[in-house]
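The primary structure of each chain is shown beneath.
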Amino acid sequence: MRAAVWHAAGDLRVEDVPEPGDPGPGQAVVAVRFCGICGTDVHEFAEGPVLIRPSAHPLTGKAPPVVLGHEFSGMVAAIGPGGPAGLVGARVAVDPCWRCGTCYWCLRGDYHICRLGGSVGLASDGALAPLVTVPAEGLVPLPDEVGDTVAALAEPLAVALHAVRRGGVGVGDTVLVVGAGPIGAAVVLVARAAGAAAVYASDPAPARRESALRLGAAQAFDPTADDVRREVFLRCGRVGPDVVFECTGVPAAVAGAVEAARRGGVVVLLGVGHGAAEVRPAAVTAYERTIVGSLGYNRDLPRVVGLVAAGSIDPGPLVSAVVPLADVVGSAFEPMAAGAHAGLKILVDVTA
Ligand SMILES: [Zn+2]
Ligand SMILES: [Zn+2]
């Protein structure tokens, strides 16, 4: 079968690979319909390995080359021994977290921060291919109301939903979202669904400010031109937003995000940055702000599917293009790595 295979930084090839074998215990094989390209995938393409292990992954045993793709929809093709055989033929979204099932965190139910965990498409071959092996416990059956295109967005939307839950956004709250890329835009959408009275966004890219507005932001600011903290402070009754989401991972943005929250407010860090951020301890203690980390999702995909099925969120505007698998390097990875893609989410039609 044809697949998009990561060999090294700058070396992603659409090439023939063997089809996955029969799924083992705890596994399933999914026939992929659509697969989204994540910022993580682009980082692996541009400067990896970042999350890809250069040698055998401790849980899956997989070493590069590896098929990318962890945001996908499809149909269950096979279920491993002892699994839910009745799901064969079901349309699904997939929680792609591999987990050991026995560590301290897995036993607490926190499988998303498993000591050995990894994701399909990084720690094992992914969904930029017609067939993919996944953890059977990650299968999320789709009701008829949720189409295959939108279902491929369930994974990034689950990242946003998890962050909104971690931030404790409540009915009537005010929210600031720093960085309106795919994840920030999804946070705008989900925070509105959680009952936020007003969501403000900031992003230097005009196209991203416009899409934030389409997804329900009350206003979107340009951090290179506006004093975002002051503008949002004034619009939140000279109090400031209840919850701030830092979605860029840019160390310099973290201090600003902390200082933008109201006294007693919450700051959720979900952008994954590796540099050092300077935060004044007094900006946390003297204002009794709470800083929370948020990683991935923990049983959040079924909640996303439920929200879409109920009509509470319409993630359609997140999709900026659908490209065939054969063109994925030139039509998706190269422009995204060059910063030349102003849209939000590119989906890959792996059957085209
Ligand atoms: Zn991702
Ligand atoms: Zn574990």
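That block above? That's the structure.
The rules behind each value
Residues numbered from 1 in each chain as written. Chains lettered and ligands numbered in written order. Predicted model: local features only at pLDDT ≥ 70, side-chain atom pairs only at ≥ 80, totals over all residues. Heavy atoms only, no water. Axes fitted to C-alpha atoms, helices over the stretch in contact; angles between N-to-C directions. Helix = DSSP H or I, 4+ residues; strand = E, 2+ residues; numbered from the N terminus. Parallel < 35°, antiparallel > 145°, perpendicular 65-115°, else oblique. Left-handed = near helix turned anticlockwise from the far one by under 90°. Contact = heavy atoms within 4.5 Å. Pairing = 2+ DSSP bridges. Donors = N, O, S within 2.8 Å, 3.2 Å for Na, K, Ca; no water. Tetrahedral: all angles 85-135°; square planar, octahedral: opposite > 155°, others 65-115°. Buried < 20%, exposed > 50% of the residue type's maximum accessible area, 1.4 Å probe, protein only. Salt bridge = Lys/Arg side-chain N within 4 Å of Asp/Glu carboxyl O. Expected span 1.5 Å × (residues − 1). Phe/Tyr/Trp six-rings, centres within 6.5 Å; stacked < 30°, edge-to-face > 60°. Lys NZ or Arg CZ within 6 Å of the ring centre and 35° of its normal. Patch = residues over 30% accessible without salt bridge, like charges linked within 9 Å, V, L, I, M, F, W, Y side chains within 5 Å. Areas by Shrake-Rupley, 256 points an atom, 1.4 Å probe, with all protein chains shown as cover. Nonpolar A, V, L, I, M, F, W, Y, C, P; charged D, E, K, R; others polar.

A. Examining the packing of helix 4 (residues 154-167) against helix 5 (residues 182-193) more closely. Interhelical geometry of helix 4 versus helix 5 gives an angle of 60 degrees and a closest axis separation of 8 Å. Overall, the two elements helix 4 and helix 5 adopt an arrangement that is oblique. Where helix 4 crosses over helix 5, the handedness of that crossing is right-handed. Seen from helix 4, the contacting residues are Pro156, Leu157, Val159, Ala160, Leu161 and Val164; seen from helix 5, they are Ile183, Ala186, Val187, Leu189, Val190 and Ala191.

B. Summary view of the sheet that holds strand 11 (residues 174-178). Pairing is parallel in the open sheet, where six strands are placed in the order 13-12-11-14-15-16. Two strands close off the open sheet at either side, each with one partner strand: strand 13 (219-221) and strand 16 (290-293). Each neighbouring strand pair of the sheet contributes to a mean axis angle of 20 degrees, computed without reference to strand direction. Summarising the sheet, strand 15 (residues 266-269) and strand 16 pair through four bridges and their orientation is parallel. Of the residues in strand 16, the one forming a bridge with leucine 269 is glycine 293.

C. Just the coordination of the zinc ion (ligand 2), in detail. All of the protein donors around the zinc ion (ligand 2) are Cys100 (SG), Cys103 (SG), Cys106 (SG) and Cys114 (SG); their distances to the metal are 2.3 to 2.4 Å. Coordination at the zinc ion (ligand 2) comes from four donor atoms whose angles at the metal span 105 to 117 degrees, giving a geometry best classed as tetrahedral. Each donor residue of the zinc ion (ligand 2) belongs to the same chain, and together they define the spacing C-x2-C-x2-C-x7-C.

D. Just the coordination of the zinc ion (ligand 1), in detail. Taken together, the protein ligands of the zinc ion (ligand 1) are Cys38 (SG) and His70 (NE2), with distances of 2.1 to 2.3 Å. Note that cysteine 38 is positioned in the loop between strand 3 (27-36) and helix 1 (39-47) and histidine 70 in the loop between strand 4 (66-67) and strand 5 (71-79), a separation of 32 residues in sequence. Exposure class is identical for cysteine 38 and histidine 70. Each is buried.

E. How the structure looks around the pattern of salt bridges. By the definition in use, this model includes 14 salt bridges. Between arginine 2 and aspartate 16 there is a salt bridge, with its nearest N and O atoms 3.5 Å apart. In this pair, arginine 2 is assigned in strand 1 (residues 2-8) and aspartate 16 in strand 2 (residues 11-16), connecting sequence segments 14 residues apart. On the basis of relative accessibility, which here comes to 42%, the residue arginine 2 falls in the partly exposed class. Under the relative-accessibility criterion, aspartate 16 is labelled exposed at 57%. Salt bridges here are not isolated pairs; linked through shared partners, they connect Asp11, Arg13 and Glu15.

F. Seen up close, helix 5. Taking 1.5 Å as the rise per residue, helix 5 with 12 residues should run 16 Å; its terminal C-alpha atoms sit 17 Å apart, in good agreement. Taken as a whole, helix 5 has its buried residues at Gly184, Ala185, Ala186, Val187, Val188, Leu189, Val190 and Ala191. Residues of helix 5 that are buried in the fold lie against helix 4, strand 11, strand 12 (198-202), helix 6 (206-214) and strand 14 (243-246). Positive phi shows up at glycine 195, right after helix 5, with a value of about 105 degrees.

G. Layout of the packing of aromatic side chains. Enumeration over the complete set of coordinates arrives at three aromatic pairs. Geometrically, the ring pair formed by tyrosine 104 and tryptophan 105 is edge-to-face, given 5.2 Å between the ring centres and 80 degrees between the ring planes. The exposure class of tryptophan 105 is partly exposed, given its relative accessible area of 32%. Taking NZ or CZ as reference, arginine 99 lies 4.0 Å from the ring centre of tyrosine 111, over its face.

H. Here's a closer look at helix 8 (residues 251-260). Regarding helix 8, the residues found buried are Ala253, Val254, Ala255, Ala257, Val258 and Ala260. Where the residues of helix 8 are buried, they touch strand 11, helix 7 (228-235), strand 14, strand 15, helix 9 (281-285) and strand 16.

I. Representation of a nonpolar patch on the surface. Where nonpolar side chains cluster on the molecular surface, the patch consists of Tyr104, Trp105, Ile113 and Leu295 and spans about 400 Å² of accessible area. With respect to the secondary-structure elements, leucine 295 resides in the loop between strand 16 and helix 10 (301-309).

J. Region of interest: the packing of helix 4 against helix 10. At a closest axis distance of 8 Å, the pairing of helix 4 and helix 10 adopts a crossing angle of 100 degrees. Relative to helix 10, the element helix 4 lies roughly perpendicular. Here helix 4 contributes Ala154, Glu155, Leu157, Ala158, Leu161 and Arg165 to the contact with helix 10, which in turn contributes Leu301, Arg303, Val304 and Leu307. Among the residues forming the contact of helix 4 with helix 10, the class breakdown is seven nonpolar, no polar and three charged.

K. Here's a closer look at the environment of valine 254. Along the polypeptide, valine 254 turns up in helix 8. Judged by relative accessible area, which is 12%, valine 254 ranks as buried. Sequence-distant contacts of valine 254, defined by excluding residues within four places in its chain, comprise Glu246, Leu269, Ala277 and Val279.

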